[in-house]
Amino acid sequence: MSESVKVRFAPSPTGFLHIGGVRTALFNWLFARHHGGQFVLRIEDTDHERSTEESITEILESMRWLGLDWDEGPYRQTERQELYSTKVDQLFKEGKAYRCYCTPEELDQKRNEAQKKGLKPKYDGTCRERSDQPEGAPSVIRFKAPLEGSVVVEDMLRGKVVFDIAELDDLILQRTDGSPTYNFVVVVDDADMGITHVVRGDDHLSNTPRQCLLYDALNFPRPRFAHISMILGQDKARLSKRHGATSALAYRDMGYLPAAMINYLARLGWSHGDQEIFSREEMVKHFSFDSVHTSAAVFDPDKLSWLNEHYIKTTPPEELARHLEPFLISSGILQEGHGLDDAEIARVIPSLNQRAKTLIEMAEKSAFYFKKEVEFDEKAKAKFLTVEAKPLLEKVIAGLSELENFSAEEIEALFQKVVEEEGVKLGKLAQPVRVALTGTTVSPGIYDVILLLGKEETLNRLKKALP
RNA sequence: GGCCCCAUCGUCUAGCGGUUAGGACGCUGGCCUCUCACGCCGGAAACAGGAGUUCGACUCUCCUUGGGGCUACCA
């Protein structure tokens, strides 16, 4: 690992951070951490129209939730205007850029005409050699790109990708209002920040030859590139809002664990043999672009859900309790300032973590532990809290009252005894008790429920539920 | 339209010239069982098509087809 590594994630704040963006960030992060390099966060807010502060806040919140920590930044391009101006001037003075007075309308028209004739809809170079400077006419600054030859992009994933320069045109570096454009600032920033490896979505692959030309013109060394594939929806179209939840925070709010999201996204396009479950450390240790592949991947909510279940099962209860607590509050099961600490919430987790797909589900299923009053499902009550069940319940009440240790073993022994004496199946006893204690026919194992509720609370609820 | 990228079960993938084409999600049959789950055992399910190269192609080359991206004073 002699080669130094500095990478960046550069989202534009024109909306929430979506899953595709997260994976790009993740691959950058993994690559940096694997090589002991630097990970820079840069906000590409050159589009004044569409950039918002809320988006920036949400992006940062998403990154923190996912544990994708950055070493530098967040930089904001709006704060670096001076640098861009300097570089535009430099190119201009060196004759590598020129003013273009064509109006957007004229350009539109030219494009349409070219397309009609079946020609490339690229800029025709009208102002390229123009020497006059129309007084007061608005202008942009264009890059004077080479006219022929080819650009070879060395991509870590795809090898050499060759582009014919004739396909490219003179891109705009600076708009009429003086603001710089994306393809230009990316190059200036990546070079200025010393980015060694540009890892981004393959929707940028076609932009790369233009950027390479810019690197050359500015006398910057080109970085190495890795264009990772896109994430698609079930219909194989690029993932977008209409595919349902696509923002990172939406998954947090639906009760997904960051570990599940990270693990899922890591395995989309990257693999390490047959391994499916990776801790952060394992991912960092094994991550390499050698084992990233290049075809687009379809987002599969089912597999994400499976991983979420896995992490709910395996996260230590006290740690999971910290994630669960906000959901206990948002679902109204606990009040703000409830006074319970993580350990107290964690008590109930071992009985629930095998039966919840999300934290929301887990919170809902834990309601009967935390709520003072049992909320009865009327159908369950009518079916199980019957006069036939009454003697059984009474025996359990009497038996539990006399238990000395109130252990799982003792409780189970008591149930066995009652069942034998009454000559019924365990279900005949367990279900009425379950309904009495939880209000429903579905719950964790009945001995766990009794144990967790405690002797006093259990007896209270049983007595109260007696038909 | 032009240019570029991509192509193994429905999905995520392993495979890197010789395999009964493996794993995972999902689906499905069964077992376990106090409910619901978990778990365990089993099953169905793929090399897009066509030419080459080769003793031999999922694997290498080309074409076709299909999907995606770029082609903005968006990023």
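Use the structure listed above.
Here the structure is a predicted model, which means the values were calculated and not measured. (Residues numbered from 1 in each chain as written. Chains lettered and ligands numbered in written order. Predicted model: local features only at pLDDT ≥ 70, side-chain atom pairs only at ≥ 80, totals over all residues. Heavy atoms only, no water.)

Honestly, the packing of aromatic side chains in this entry has me stumped. Any pointers?
All told, the structure shown has 10 aromatic pairs when counted by the stated rule. Where Trp270 meets Phe287, the ring centres are 5.8 Å apart and the plane angle is 40 degrees; that geometry is what we call tilted. One end of the pair, Trp270, is in the loop between α8 (258–266) and α9 (280–286); the other, Phe287, is in the loop between α9 and β12 (297–298), and 17 residues separate them in sequence. Here Trp270 matches Phe287 in class, with each residue buried. A ring pair is formed by Phe368 and Tyr369, whose centres lie 4.2 Å apart and whose planes are at 35 degrees; its orientation type is tilted. Put simply, the rings of Phe27, Phe31, Trp270, Phe278, Phe287 and Phe289 pair up and form one aromatic cluster. Arg80 extends its terminal NZ or CZ atom over the ring of Tyr75, reaching a point 5.7 Å from the ring centre. Sitting over the face of the ring of Phe92, Arg99 holds its NZ or CZ atom 5.6 Å from the ring centroid. (Phe/Tyr/Trp six-rings, centres within 6.5 Å; stacked < 30°, edge-to-face > 60°. Helix = DSSP H or I, 4+ residues; strand = E, 2+ residues; numbered from the N terminus. Buried < 20%, exposed > 50% of the residue type's maximum accessible area, 1.4 Å probe, protein only. Lys NZ or Arg CZ within 6 Å of the ring centre and 35° of its normal.)

What am I meant to see in the protein's contact with RNA strand B here?
Near RNA strand B there are 61 residues, and of these Arg158, Arg175, Thr176, Gly269 and Arg434 occur at the shortest range. When the atoms of RNA strand B within 4 Å of the protein are sorted by group, sugar and phosphate make up 72%. The separation between a base nitrogen of RNA strand B and a polar side-chain atom of Arg355 is 2.4 Å. Mapped by element, the contributors of at least two residues to the surface near RNA strand B are α4 (104–116), β7 (159–164), β12, α10 (301–314), α19 (426–438) and α20 (446–453). For the surface near RNA strand B, the element with the highest residue contribution is α19, accounting for five residues. Among the residues forming the surface near RNA strand B, the class breakdown is 22 nonpolar, 17 polar and 22 charged. (Near = heavy atom within 4 Å. Polar contact = N/O pair within 3.5 Å; in protein donor to acceptor, adjacent residues only side chain to side chain. Nonpolar A, V, L, I, M, F, W, Y, C, P; charged D, E, K, R; others polar.)

What is the right way to look at the sheet that holds strand β5 (residues 140–143) in this model?
Across a sheet, paired strands are connected by hydrogen bonds in the backbone, their directions being either parallel or antiparallel. Spatially, three strands are ordered β4-β5-β8 in an open sheet, and the strand pairing comes out antiparallel. Because the sheet does not close on itself, it has two edges, and the strands there are β4 (97–100) and β8 (172–174). Adjacent strand axes in the sheet meet at a mean angle of 45 degrees when their direction is disregarded. The sheet contact formed by β4 and β5 spans four bridges and is antiparallel. Counted as the bridge partner of Ala97 is Phe143 from β5. Docked against the sheet, helix α3 (residues 81–93) engages β4, β5 and β8, running at close to 95 degrees with respect to β4. (Pairing = 2+ DSSP bridges. Axes fitted to C-alpha atoms, helices over the stretch in contact; angles between N-to-C directions. Contact = heavy atoms within 4.5 Å.)

Which parts of the structure should I look at to understand the pattern of salt bridges?
Side chains that differ in sign of charge can pair as their charged atoms come close. Per the counting criterion, the structure on display carries 34 salt bridges. Notably, a salt bridge pairs Arg238 with Asp203, separated by 3.0 Å at the nearest N-O pair. Taken together, the residues Arg238 in the loop between β11 (231–232) and α7 (248–253) and Asp203 in the loop between β9 (197–201) and α6 (208–217) connect sequence positions 35 residues apart. Asp203 gets classed as partly exposed once you look at its relative accessible area, which sits at 35%. Several salt bridges share partner residues, and in doing so they unite Arg8, Arg42, Glu44, Arg80, Asp189, Asp190 and Asp192 into one network. (Salt bridge = Lys/Arg side-chain N within 4 Å of Asp/Glu carboxyl O.)

Is there a simple way to think about the layout of surface pockets in this case?
To find leftover empty space, one rolls a probe the size of a water molecule over the atoms. Considered as a void within the structure, the largest pocket measures approximately 1,100 Å³ in volume. Lining the largest pocket are 36 residues, with Ser12, His18, Asp203, His204 and Arg238 sitting closest to its centre. Put simply, the parts of the chain that give the lining of the largest pocket at least two residues each are β1 (6–9), α1 (19–34), α5 (182–192) and β9. Here the residues of the lining of the largest pocket are counted per class, giving 13 nonpolar, 13 polar and 10 charged. (1 Å grid on protein atoms, 1.4 Å probe; cavity = no way out; pocket = protein on both sides within 12 Å on 5 of 7 lines; lining within 4 Å. Points joined across faces, edges and corners; volume = space filled by probe spheres on them.)

What should I look at first to understand the nonpolar core in this one?
The nonpolar side chains of soluble globular proteins are, as a tendency, buried together. Counting 106 residues, the largest nonpolar core has Met63 and Phe289 as the members making the most contacts within it. In terms of residue count, the dominant contributor to this core is α1 (nine residues). Other than its neighbours up to four places away in sequence, Met63 contacts Phe9, Leu17, Ala25, Phe39, Leu41, Leu68 and Trp70. Val40, Val88, Phe220 and Phe225 belong to the second largest nonpolar core, which has 32 residues in total. (Core = buried A, V, L, I, M, F, W, Y, C linked by side-chain atoms within 4.5 Å.)

When you look at α1 in this model, what are you seeing that I'm missing?
Helical geometry: 3.6 residues make up each α-helical turn, so side chains three or four residues apart lie on a common side. The end-to-end C-alpha separation of α1 is 22 Å, in line with the 22 Å expected for 16 residues at 1.5 Å each. By the criterion of burial, α1 is predominantly enclosed, with 14 of the 16 residues buried. Just downstream of α1, Gly36 is the residue with a positive phi angle, here 65 degrees. (Expected span 1.5 Å × (residues − 1).)

Got a minute to help me understand the pairing of β5 in this structure?
Residues in a regular strand project their side chains so that they alternate between the two faces of the sheet. Burial along β5 is two-sided: Val140 and Arg142 facing one way and Ile141 and Phe143 facing the other are all buried. One ladder, built from two bridges, connects β5 with β8; its direction is antiparallel. Counted as the bridge partner of Ile141 is Gln174 from β8.

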